[in-house]
Every structure is written in C-alpha cells, then in structure tokens.
Amino acid sequence: VTFQVFYRRSRLEPLDRVPDNDFIIDDSEDGEEDDMFDISSENVVIPLEEVDLCTILRTFKEEHISDDQISIICIRRRKLLESAIKAISRVTFSWTDLPQIEFVGEDADDMGGPQREFFRLLMIELQTSLGIFEGKAGQVFFTYDQAALEQRKYFKRGNLIAWSIAHGGPCIRALDPSLFQLMCGQEPQLEQFDSHVLPDPDVQSKLKQEKKSLSKAAFKAIFSYNYSTRGSNHREAEEDTIFSWEMVLNMIEDKVTELRFEDLLIFVTGADEVPALGFPRKPRIDFYEQEAGQRRLPYTSTCAMCLYLPRGITEEDKLHEMLFQATRDSLGFGKV
C-alpha cells in the first residue's frame, strides 16, 4: 500500500533556493544523526501550504543534484550492500554527484539502467540484511537493537535510502502500512490493526491490552453511589443527575463524543484502567448542591477516588458539557 504524503509550505512566498553547502547529508562519525539534513534557517520559508512529496523531491533534485559531476561506483553483485557502504564511506564521495554504476565483471555503460537496477537491488538488500527490520514481508517493523544503534546501522541505512531517493531511485516498500502512516504524521485506523504481524509475542500481548477500551458495563461496575435517603428531595435530584449520567455514558459508548471512559477514570482515580490487584477501595459517586446562580463543575478527589456530581441535572447535554470541561481543565492531583 502506498499512501500520499503531503507537507505544508507558504501560499504567499515561493520556496527559497537553499545554497548547496547548507543542505548536507552528513555521514561523519562525529555528526549527530538529527543533522543528516541541515537546512539553513535563514533561507527556509515556514511551511503553510500542502505540497506533495514528489514536488519537494523534484525541486531538491533540480537544485542540488549535479548532472555533470559524476562518481564512479564499483559494485560487486554478490556483496552489493557491502560495496555500497564502502562507496559512500570514501573520503572523496559526494552525495550530490551523479552515481555511475559499474558492476564488476560486466561490460555495460551506465546510461541509467545499471543505476536503476543498483538502487532497486540495494533497497531489497536493506529490507533483508543486517537485522534492522523484522516481521512479515511488506509489514516489517524496526528492530529494537541497541548494538545496531551504537554501530550506526540504522543511520547508515537511512543514508542509503536517501541516496536512492535523491537520485530518482526507489524507497523501501516493506514497512507496515500503519507504521508508515504514523511516520508521515497521518492517523491510521489502529482499531483494525492486526497485532499478529508483530514478531514479538510480548509486544503483541501488550498491544492487545492497550487496544482494549473500557465498556460501559465495565466502567459502571467500578463505582458505587452515595445516595441520600430514599424519598427525600435530595434523592429525587440525585436520580435526575444519575439518569443524565447514564445518557452521557451512552454517548461515550456510541462514540458521539470525544470523552472516553478512560478520561473519566483518570479524572476520578488517576489511573486509566483498573489495576491488576484492583483499587484499594471501590471508587464512588457522590453529590453536591449547586448554588443558585452559580455554575460549579463536577470535581474529584483522586486520593478518595470520589466523583462529585451536581444534584438536579436533568439535561444530559448540560452534564456532558460540564464533565468534558472538567476533565479537560483538570489541574492534576487533589481536588479540581
């Protein structure tokens, strides 16, 4: 699956040309990995308008890739990845020179074909070699390998991918689609994500737990209610509020609000799920009297694990608005 990627730049100002010495692919051992692309801040326009990735790459290629400066790259097919790494590690190597590929033992002038074949084979090698990816074909993820990180294997592979893309070659097409969307700042439908594509069983198990959301029944079972005496005016007003509370819970269950059961649980207890050993005591819902002419939001004590709701709320929309504001404007621990 290939997703369209857009970036944003100014509608009013053109993309300024950046001098060649201000755009650097840095492979020095002392360089920071985040400085791989170093763009001079003096010449960069703050992005505002969406621009597709192809336009950005084409503009970069036109401005920075040389057509008359050529680097001869000698490649051994059986050691293609090793040959590529040795080529980019030479002190005379330039990222912006046009690579002219010479396969050892083959007589062919590189008029574009050998270069395209080289980058295609290189991207295949990157997906399968040196253990920086894991998972099923077409759904790979980055490995968690501290030794590979210290040896700069991830950074070096990123250099090779950038080299291919900058010269019109392909990128790797092996990343899991959901991972690719997340890396591009998009929002995949993670509810549909198949955790079985993850190679680590422990990660699978943790992800399944993360994806489990509280149901209305499970959320209601967490709480007890501190009602006033049956038949009293306070009790009547409290039942009005609890009916509105039930309607708000229905709204959450039907996903017609941004409010979640986990938000309310965090607001009341500080936790977003019931601990494995349970809470030390049952969280409860209590009530308070709304002063005339005042609008006091629902509040909590996370230590006492008690949610205080105003009596006499007969409109679920009003209670929803109050709860939404209270959870979003919460100041943290203690009473809010």
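Remember, predicted model here, so these are calculated numbers, not experimental data.

1. Some details on the overall build of the chain
- Looking only at helices and strands, one finds eleven helices and ten strands in the chain.
- Within the chain, the fraction of its 336 residues that count as buried is 38%.
- A fraction of 68% describes how many contacts in the chain between residues 6 or more apart in sequence connect residues 24 or more apart.
- Total accessible area on the chain stands at roughly 20,900 Å², and carbon and sulfur atoms take up 50% of it.

2. Focus on unusual backbone geometry
- Non-glycine residue R152 carries a positive phi angle of around 60°.
- Here R152 lies in the loop between α4 (146-150) and α5 (153-166).
- At M305, a position not held by glycine, the phi torsion is positive, near 55°.
- Checked against the element boundaries, M305 lands in the loop between β9 (299-301) and β10 (306-310).
- Relative accessible area serves as the criterion here: at 5%, M305 is assigned to the buried category.

3. Here's the deal with the packing of helix α2 (residues 80-89) against α5
- Close contact between α2 and α5 brings their axes to 11 Å; oriented N to C, the two are set at 85°. When the axes of α2 and α5 are compared, the pair comes out roughly perpendicular. Taken together, the residues of α5 that come into contact with α2 (itself represented by L81, A84, I85, I88 and S89) are K156, R157, N159, L160 and W163.
- Across the contact of α2 with α5, the residue classes tally to six nonpolar, two polar and two charged.

4. Examining helix α3 (residues 113-128)
- Across its 16 residues, α3 extends 23 Å between first and last C-alpha, which sits within 8% of the 22 Å expected from 1.5 Å per residue.
- Taken residue by residue, α3 has P114, Q115, F118, F119, L122, M123 and L126 as its buried positions. Seen from one end, α3 has its buried residues packed into an arc of 165°, which puts them on one side. Residues of α3 that are exposed and point over 90 degrees away from its buried face: R116 and T128.

5. Regarding the sheet that holds strand β7 (residues 224-225)
- With mixed pairing, four strands are arranged side by side in an open sheet as β7-β8-β10-β9. Unpaired on one side and paired on the other, β7 and β9 mark the two borders of the sheet.
- In the sheet, β9 pairs with β10 via three bridges, with the strands oriented antiparallel. Bridge assignment links Y299 to a residue of β10, and that residue is Y308.
- Contacts from helix α10 (residues 261-269) reach β9 and β10, with the element oriented near 55° to β9.

6. Here's the deal with the packing of aromatic side chains
- Within the structure shown, the criterion is met by 13 aromatic pairs.
- On the basis of an interplanar angle of 90° and a centroid distance of 5.4 Å, the ring pair of F93 and W163 is categorised as edge-to-face. In this pair, F93 sits in the loop between α2 and β4 (98-103) while W163 sits in helix α5, placing the two residues 70 residues apart along the sequence. Each member of the pair, F93 together with W163, is buried.
- Aromatic side chains F118 and F119 sit 5.1 Å apart centroid to centroid with 45° between the ring planes, which places their arrangement in the tilted category. The two residues F118 and F119 agree in class, both being buried.

7. Focus: the pairing of β4
- Burial along β4 is one-sided: the residues P99, I101 and F103 are buried and none of L98, Q100 and E102 is.
- Relative to β4, strand β3 (residues 70-75) runs parallel, the two sharing six bridges. Across the sheet, I70 pairs through a bridge with L98, a residue of β4.

8. A few points about the environment of D317
- With respect to the secondary-structure elements, D317 resides in helix α11 (residues 316-328).
- Its relative accessible area of 55% is what places D317 among the exposed residues.

Rules of the game
Numbering of residues begins from 1 in every chain and follows the order in which that chain's sequence is written. Only residues with pLDDT of at least 70 get local features here, since the model is predicted, and only at 80 or more are side-chain atom pairs given and counted; chain-wide, interface and lining totals rely on the full set of residues. Note that water and hydrogens are dropped before the side-chain values are worked out from all heavy atoms of the structure. Numbering of helices and strands runs from the N terminus, with a helix taken as a DSSP run of H or I at least four residues long and a strand as a DSSP run of E at least two residues long. Burial classes: relative accessible area under 20% of the type maximum marks a residue as buried, over 50% as exposed, and values in between as partly exposed (1.4 Å probe, protein chains only). In what follows, residue pairs with any heavy atoms lying within 4.5 Å of each other are defined as contacts. Accessible surface area values rest on a Shrake-Rupley calculation with a 1.4 Å probe, where residue burial reflects the displayed protein chains alone. Axis geometry follows a simple rule: fit a line to the C-alpha atoms, using only the stretch in contact for helices, then measure angles between N-to-C directions, giving values from 0 to 180 degrees. Orientation is classified from the angle alone, with under 35 degrees giving roughly parallel, over 145 giving roughly antiparallel, 65 to 115 giving roughly perpendicular, and any other angle giving oblique. Just so you know the grouping, Ala, Val, Leu, Ile, Met, Phe, Trp, Tyr, Cys and Pro go in nonpolar, Asp, Glu, Lys and Arg go in charged, and all remaining residues, Gly too, go in polar. To estimate how far a helix should extend, the number of its residues minus one is multiplied by 1.5 Å. This arc is built from the directions going out from the helix axis to the C-beta atoms. Note on pairing: DSSP must find at least two bridges between two strands before they are called paired. Geometry of aromatic contacts follows a simple scheme: Phe, Tyr and Trp rings, the Trp one being its six-membered ring, pair when their centres are within 6.5 Å, and the pair is stacked under 30 degrees between planes, edge-to-face over 60, tilted otherwise.

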